[in-house]
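Structural description and commentary
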Amino acid sequence: MVPKLSIQNVSFDYGDGATALRNISLDIMPHELFVLFGPSRSGKSTLLRLLNRLSDLLPVGQMHGRILFDGQDIFARGTDVFDLRRRIGMVFATPTPLPGSIYENLTYGLKMAGIKDRRVLDERVARSLQQAALWEEVKDRLADSAFALSGGQKQRLCLARSLALEPEIVLLDNPTSGLDPISTSIVEESLYELKQQYTIVMVPHSMQQAARVADRAAFMLDGEIVEVGAQKDLFVYPQDKRTEDYVSGRFG
Amino acid sequence: MATYEEIEQTREDTAVSPTPRRRNGRELIIEGLILASGVSVIIIITLIFLFLLKEGLPAFTSQPISTFWGRRWYPIEETYGLLPLLAGSLLVTVGAVVIAVPLGLTTAVYLGEFAPDWLREILKPLIEVLAGIPSIVLGFLGWVALAPLIQNMGAPTGLTAFTGSLILAYMALPTIISITEDALYAVPKEYRDGSLAIGATHWQTVWRVVLPAARSGIVIAIMLGVGRAIGETMAVMLVTGNAANIPELGLGMMFQPIRTMTATIAAEMGEVAQGSTHYSVLFAIGIVLFIITFLVNSLATRLIGGRPKQRGAQL
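Residues numbered from 1 in each chain as written. Chains lettered and ligands numbered in written order. Predicted model: local features only at pLDDT ≥ 70, side-chain atom pairs only at ≥ 80, totals over all residues. Heavy atoms only, no water.

In this model helix α9 (residues 215–230) of chain B runs 22 Å from its N-terminal to its C-terminal C-alpha over 16 residues, within 8% of the 22 Å that 1.5 Å per residue would give. If you check which residues of α9 of chain B are buried, you get S216, G217, I218, V219, A221, I222, G225, V226 and A229 of chain B. (Helix = DSSP H or I, 4+ residues; strand = E, 2+ residues; numbered from the N terminus. Expected span 1.5 Å × (residues − 1). Buried < 20%, exposed > 50% of the residue type's maximum accessible area, 1.4 Å probe, protein only.)

With that settled, the discussion passes to the confidence of the model for chain B. Taken as a whole, chain B shows an average pLDDT of 83; of its residues, 89% reach a score of 70 or greater. Confidence drops under pLDDT 50 across residues 306–315 of chain B; counting only partners more than four residues distant or on other chains, this segment forms 12 contacts. (pLDDT = per-residue confidence, 0-100. Contact = heavy atoms within 4.5 Å.)

Glancing now at the sheet that holds strand β5 (residues 72–73) of chain A. The strands making up a sheet associate through backbone hydrogen bonding, with each pair oriented either parallel or antiparallel. Residue and element names in this part refer to chain A. Spatial strand order, β2-β1-β4-β5: four strands in an open sheet with antiparallel pairing. Each of the sheet's edge strands pairs with one partner strand only, and the pair in question is β2 (19–28) and β5. The sheet contact formed by strand β4 (residues 62–69) and β5 spans two bridges and is antiparallel. The partner of F69 across the bridge, within β5, is Q72. (Pairing = 2+ DSSP bridges.)

All names here are of chain B. Where helix α5 (residues 135–152) meets helix α6 (residues 161–185), the axes come as close as 10 Å, and the angle between the chain directions of the two elements is 140°. By the angle class used here, α5 and α6 are oblique. The hand of the α5/α6 crossing is right-handed. When α5 is examined against α6, the residues S135, L138, G139, G142, L146, A147 and I150 are found in contact with a partner set consisting of F162, T163, L166, I167, Y170 and M171. Along the lines of polarity and charge, the residues of the contact of α5 with α6 split into nine nonpolar, four polar and no charged. (Axes fitted to C-alpha atoms, helices over the stretch in contact; angles between N-to-C directions. Parallel < 35°, antiparallel > 145°, perpendicular 65-115°, else oblique. Left-handed = near helix turned anticlockwise from the far one by under 90°. Nonpolar A, V, L, I, M, F, W, Y, C, P; charged D, E, K, R; others polar.)

Counting residues in each nonpolar core, the largest one holds 81 residues, and the members touching the most others are V35 and F37 of chain A. The element best represented in this core is α6 of chain B, accounting for nine residues. Apart from the residues lying within four places of it in its own chain, the contact partners of V35 of chain A are M202, P204, A210, V213, A214, R216, A217 and A218 of chain A. (Core = buried A, V, L, I, M, F, W, Y, C linked by side-chain atoms within 4.5 Å.)

All names here are of chain A. Taken in spatial order, the six strands line up as β6-β7-β8-β3-β9-β10 in an open sheet, and their pairing is mixed. Across the chains shown, the open sheet's two edge strands, defined by having one partner strand only, are β6 (88–91) and β10 (224–230). When the angles between neighbouring strand axes are averaged without regard to direction, this sheet yields 15°. As defined by bridge partners, strand β3 (residues 33–37) adjoins strand β8 (residues 199–203) across three bridges and the pair is classed as parallel. In the strand pairing of β8, F34 is matched with V201.

Residue and element names in this part refer to chain A. If you check helix α4 (residues 118–131), its first and last C-alpha atoms are 20 Å apart, about what 14 residues at 1.5 Å a residue would give, namely 20 Å. The set of residues buried in α4 consists of L121, R124, V125, A126, S128, L129 and Q131. On its buried face, α4 is in contact with α3 (102–112), α5 (135–138), α6 (151–163) and α7 (181–197). The N-cap of α4, judged by a side-chain oxygen 2.9 Å from the amide nitrogen of R119 a few residues on, is D117. The first or second residue beyond α4 is A133, which carries a positive phi of 60°. (Polar contact = N/O pair within 3.5 Å; in protein donor to acceptor, adjacent residues only side chain to side chain.)

Accessible area lost upon the coming together of the parts serves often as the stated size of an interface. Across the contact, 24 residues belong to chain A and 19 residues belong to chain B. Both sides of the chain A and chain B interface together cover about 1,800 Å² of buried area, and 67% of this is carbon and sulfur. Considering only the side of chain A, the residues that lose the most area to chain B are P99, Y108 and M112 of chain A, jointly responsible for 30% of the buried surface there. At the junction of chain A with chain B, the criterion picks out one salt bridge. Residue D193 of chain B pairs with R49 of chain A through a salt bridge whose shortest N-O separation is 2.8 Å. For the pair chain A and chain B, the interface holds three residue pairs in polar contact (both at pLDDT 80 or more). (Buried area = accessible area lost by both parts, 1.4 Å probe. Salt bridge = Lys/Arg side-chain N within 4 Å of Asp/Glu carboxyl O.)

Residue and element names in this part refer to chain B. Two elements in contact, helix α7 (residues 189–196) and helix α8 (residues 202–213), have axes whose closest approach is 10 Å; the angle formed by their N-to-C orientations is 140°. Regarding the angle of α7 to α8, the classification is oblique. Relative to α8, the crossing made by α7 is right-handed. Between α7, through Y191, R192, S195 and L196, and α8, the contact on the second element is made entirely by H202, T205, V209, V210 and A213. Across the contact of α7 with α8, the residue classes break down as five nonpolar, three polar and one charged.

Residues and elements named next belong to chain A. Counted by the stated rule, this structure contains 26 salt bridges over all chains. In this structure, R127 and E166 form a salt bridge, with 2.4 Å as the shortest nitrogen-oxygen distance. One end of the pair, R127, is in helix α4; the other, E166, is in the loop between α6 and β7 (169–173), with 39 residues separating them in the sequence. In this structure E166 comes out as partly exposed when scored by relative accessible area, which is 32%.

Here it is in structure tokens:
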């Protein structure tokens, strides 16, 4: 099978001497839920932000290597980075509803993309909210301010917002941080549905969450990938001593 | 073993009923001082208002109110129509707002969002220096440099409402720019990320997300900037020609000499007999200014959202 994303020998440093990523190579397959886990500051979020080029916003930073999306180098000259970000959506650790109503939050990206047809917008709003398991709770108050939602609802709104663009890949950077266990399990359950349609790369909230949701996973430490494998291989029969120590809770 | 709920419950209990605060003498004195300074502000404002009323109200009783609605301001003939002064103030202020707000906002957006670092490092301190220029110096500049320029452009005289607006706008700009830029800076990085991550461009993000999110701060910036301009007297007196007549409506409206309410008080207060009708009319103008300021402030509060809790959340 052809990988959806192919990360080839990627290194990244923030220019202050500290290397954030060291020679990362990974293939992410279509319709899998791939989890990047490891202790804080191991480079997971940095890697995630490279994948849709949000890293462009950093004032410093030097990247080496290639990232291929459907065989195309996303850092190649002439890449339409705005289109890229529509095709590779991202949800952050802190829910970031934008000022405006729930409906406006969801149609924001679509309008930027030039979709104006009211029927298409309505239909996308409904579907993305259903996919993010939020539809039932907000369908009667789409005109309300997005700030009026609870933390868990805001996070699912952000998920719905990127799904509304019908991306091919969804990047989830710790999407359940700060959520209560019930909201967390709602989000996790919706992931099973989502990967039928999308490819998901996720930085989990905890090692336990990684073990619960992953199809395949990579264990990262100090900007390097220690071990990559299927969920069972990594969490039950880890090969590397460091992975074993982390997974069994000896450090981290 | 205590259940989770029980632990939460005890935590809440201790949170709502902390150990009684020890109120020693020192604490009492400090609290008293803070209370006194807070109350004194209220007292002083009330006293000012009462003073204004005491000196100004006779103007409304000594002659019919309709006098003030007149179109002529000739104190020598005991004719006190306020319309020309109101029109003058309105014209100059609105002119200043129309010039300063778009210019100030775009400058702030450029500085905060698009300017390269080195340029921002130069421009920001310069703008702050601008704010420190005494207003009379600006008035002088307007009189010497701006007025001849405007006259050369074809106006009958260089001392016009437009000249006053320009000077006032210039005075309001530094405040508007630096406070707006602070408000933009205070918009959480997450908003920008959230917007960019769904394919918005930098400009779309600024226009659709950053500016709306900074709205309350921007309204405050405009209010403070315009507030500085509205109260300004001397510089305006210098450059607006001081003719208390209602400008003819039309395109040339801005290019006629006018006189503002503040300038009228400043110019005539020194010459009136204390207690005369003219004297109390000048105070009545003060009351009108007071009411206008009050209305503008309430409007601003409403624009910001009125609910202080929401304000924190939106910034």
